[in-house]
Structure formats: C-alpha cells, structure tokens
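Coordinates in review
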Amino acid sequence: MGESMTWFQALVLGLVQGLTEFLPISSSAHLRIVSGVFFGDDAGASFTAVTQLGTEAAVLVYFAKDIWRILVAWFTTLGMRWRERSQREVAVGDRVTTKLPVMDRSARDAHERDTQRELDYRIGWYVIIATIPIGVLGYLFKDEIRTGARNLWLVSFMLVAFALVIAAGEYFGKKERPIEQLTTRDGILMGLAQCLALIPGVSRSGATSTAGLFLGLEREAAVRFSFLLAIPAVTASGLFSLPDAFEPAGEGLNASGAQLLVATVVAFVVGYASVAWLLKFVGKHSFYWFVGYRIILGVTMLGLLAAGVVSAT
C-alpha cells in the first residue's frame, strides 16, 4: 500500500483537474506532475479518472440544453425513420396522403426546427461512432495506461511533441466550417484522434480540437464537439475506475472515499468556470498560447528529470 493522501493534496489535485481538463494542456499530465513534483508520489490513474467525473458533470450542466436537444432529436428521428421504413412496405394505394404545406412563417419555423433536429441527430450519431475506438483501445491497454504510460519522461516528452502538433493544426487549419457542416468523416477522425489522449501529456481536448482544425472546422466548433465527444468516454472511464480508486492497492497516493468525493466536487465547480472561459477565449485567440505553455512546462520537466531532481516514476 502507498501513502495515504492528505486533505490538502486532495483539494489541490481536484483544483488542478478542474483547471486543466478542458484546456489543451493535458489534465492527466498536470495531475501526474503536481503529485510527483510537490507531493513526491503519483496520485494514480484511477484518481485522475474518477475526478474527471466532476469535470464531465460540469460539461453536462453547461451544455444541458444542447445535450437534451441532441438526445431528443436522436430518439425522435430514429423513431420517425423506423416508421417511415415500415410505411414504405405498405402498398402505394393504402398510404395516407397529405397536402404540401404553404411556406408561411410557421412553416419556415417548422423547417428551421427540422433542420436543427437533423443536425442534432447527426451529432448524436457522430458522438456514438467516434467513441468506439477509444472504448476498445482503452479497455485493451488499461494496464499500460495505469503503469508505464505515467512515466514522467514520457509525459514531459508528449507535452512538447504534441504542442508542435497543435501548432501545426492552428497554422494549417482553414477554420472555415461551422459545426453545422460537421460530417461523419469528421466525427470518425476526431474519434480516432481522441485515442491519443490515452497517453498522459497529449490532452483529450487538444487531440480532438486539433483534429477538427486540420479538418477545417472553426476553432469554437472544434472545441464544442470536442466537449460533447468526451462525455461518453470520460464518464465510462471514471465509472470503470471507481472500484480501484475506492479500494487502492499498490504504490502511490491513496485517497479515501471522502477525499475523492471532495476532489471531484472541486473539479466540477472549477471545471464549469473553465468551460465558459475556454469557449470565450477560443473565439478571439489562437491555440498558440497553450502551445507555448506546454513547451515551457515540458522542457522544464525534462530538465528536472535529467538533473535527477524529480523521479520519473
């Protein structure tokens, strides 16, 4: 058994989780660095996964209207298309016919609602399809993710290496397409990019948002879909890690159930503010700010590791 986590450590790590989860700077890397550099041990992948439930709850609250609209559109449209399919099997002479509507104001409003519903329906499918790759890989490599992947050499290197990828996405991405032009191809490719987040130091939001930039999406559109895309994967990861987090076995900082709960609540409150801030920030600023920060942090950590000041494990 490792050392017991203190309340101060739990509060600090919950704060770090809330601040960094949605920024393209890797919350898992920051939790690993803060716990390793300042507390002398690793808080563990399970602690990270569980506290992410707090930040995902923040996403659910912040995007509650959008998520509800997507769910309603997905189930409603799925039911409508099932009924239409059944009706096509009825003889033509037995079908019920209707008159074409006149395009008055109410008809135009109805058309706009139908357009929005179709978009929400497609986004619902894109999230489902794009979640499959990370679900499969996360399950297959769960042991490596919790052990070797948390080596600080790897984490620090990925902070720098993926900063260059984000910079390339910002530089080469056309940033012309709004979220209304999201396609199945976009969803699949952003879902594949999300798999990179299994490596601490990459950043889930950084990987998916950068993929969106490469695909020509507007910065805010890429970030918004990135938030929605993270909900199923992060929630499943957090719930899957609950048994390990509440019954820790092995080295590292071991948090109690109460500490996990408080850290998750702190992550929720801070994470909600972080979501609102980031959406406003990306509307006026580029990702280069985060690129610079990642490089400075990564290079600093590599220097501390090389000098033997910090232990990689």
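Overview of the structure.

Parameters and conventions
Residues numbered from 1 in each chain as written. Predicted model: local features only at pLDDT ≥ 70, side-chain atom pairs only at ≥ 80, totals over all residues. Heavy atoms only, no water. Salt bridge = Lys/Arg side-chain N within 4 Å of Asp/Glu carboxyl O. Helix = DSSP H or I, 4+ residues; strand = E, 2+ residues; numbered from the N terminus. Expected span 1.5 Å × (residues − 1). Buried < 20%, exposed > 50% of the residue type's maximum accessible area, 1.4 Å probe, protein only. Contact = heavy atoms within 4.5 Å. Axes fitted to C-alpha atoms, helices over the stretch in contact; angles between N-to-C directions. Parallel < 35°, antiparallel > 145°, perpendicular 65-115°, else oblique. Left-handed = near helix turned anticlockwise from the far one by under 90°. Nonpolar A, V, L, I, M, F, W, Y, C, P; charged D, E, K, R; others polar.

Counted by the stated rule, this structure contains ten salt bridges. Taken together, the shared-partner salt bridges connect Asp66, Arg69, Asp120, Glu220 and Arg224 into one network.

What follows is about unusual backbone geometry. Positive phi, close to 55 degrees, is recorded for Lys175, a residue that is not glycine. Along the chain, Lys175 falls in the loop between helix H7 (152–172) and helix H8 (184–194). In the Ramachandran plot, Ser203 falls in the positive-phi region, its phi being about 95 degrees despite a non-glycine side chain. Along the polypeptide, Ser203 turns up in the loop between H8 and helix H9 (204–214).

Right, let's get into helix H2 (residues 27–38). Counted at 1.5 Å a residue, the expected span for H2 with its twelve residues is 16 Å, and the 16 Å between its end C-alpha atoms agrees. The complete set of buried residues in H2 reads Ser27, Ser28, Ala29, His30, Leu31, Arg32, Ile33, Val34, Ser35 and Gly36. Packing partners of the buried residues in H2 comprise helix H1 (7–20), helix H3 (45–62), H7 and helix H12 (288–306). Just downstream of H2, Gly40 is the residue with a positive phi angle, here 75 degrees.

Where H1 contacts helix H11 (residues 257–284), the axes come no closer than 7 Å and their chain directions differ by 30 degrees. Considering the angle they form, H1 stands roughly parallel to H11. Our pair here, H1 against H11, has a crossing hand that is right-handed. Packed against H1, whose contacting residues are Trp7, Ala10, Leu11, Gly14, Leu15, Gln17, Gly18 and Leu19, the element H11 presents Ala258, Gln259, Val262, Ala263, Val266, Ala267, Val270, Gly271 and Ser274 at the interface. Residue composition of the contact of H1 with H11, grouped by class: eleven nonpolar, six polar and no charged.

Here H2 crosses H7 at 135 degrees, and the two axes come no closer than 10 Å. The angle between H2 and H7 falls in the class oblique. Seen along the crossing, H2 lies across H7 with a hand that is left-handed. Contacts between H2 and H7 pair Ala29, Arg32 and Ile33 from the former with Leu152, Val155 and Leu159 from the latter. Among the residues making up the contact of H2 with H7, the classes are represented as five nonpolar, no polar and one charged.

In short, geometric facts, not functional conclusions.
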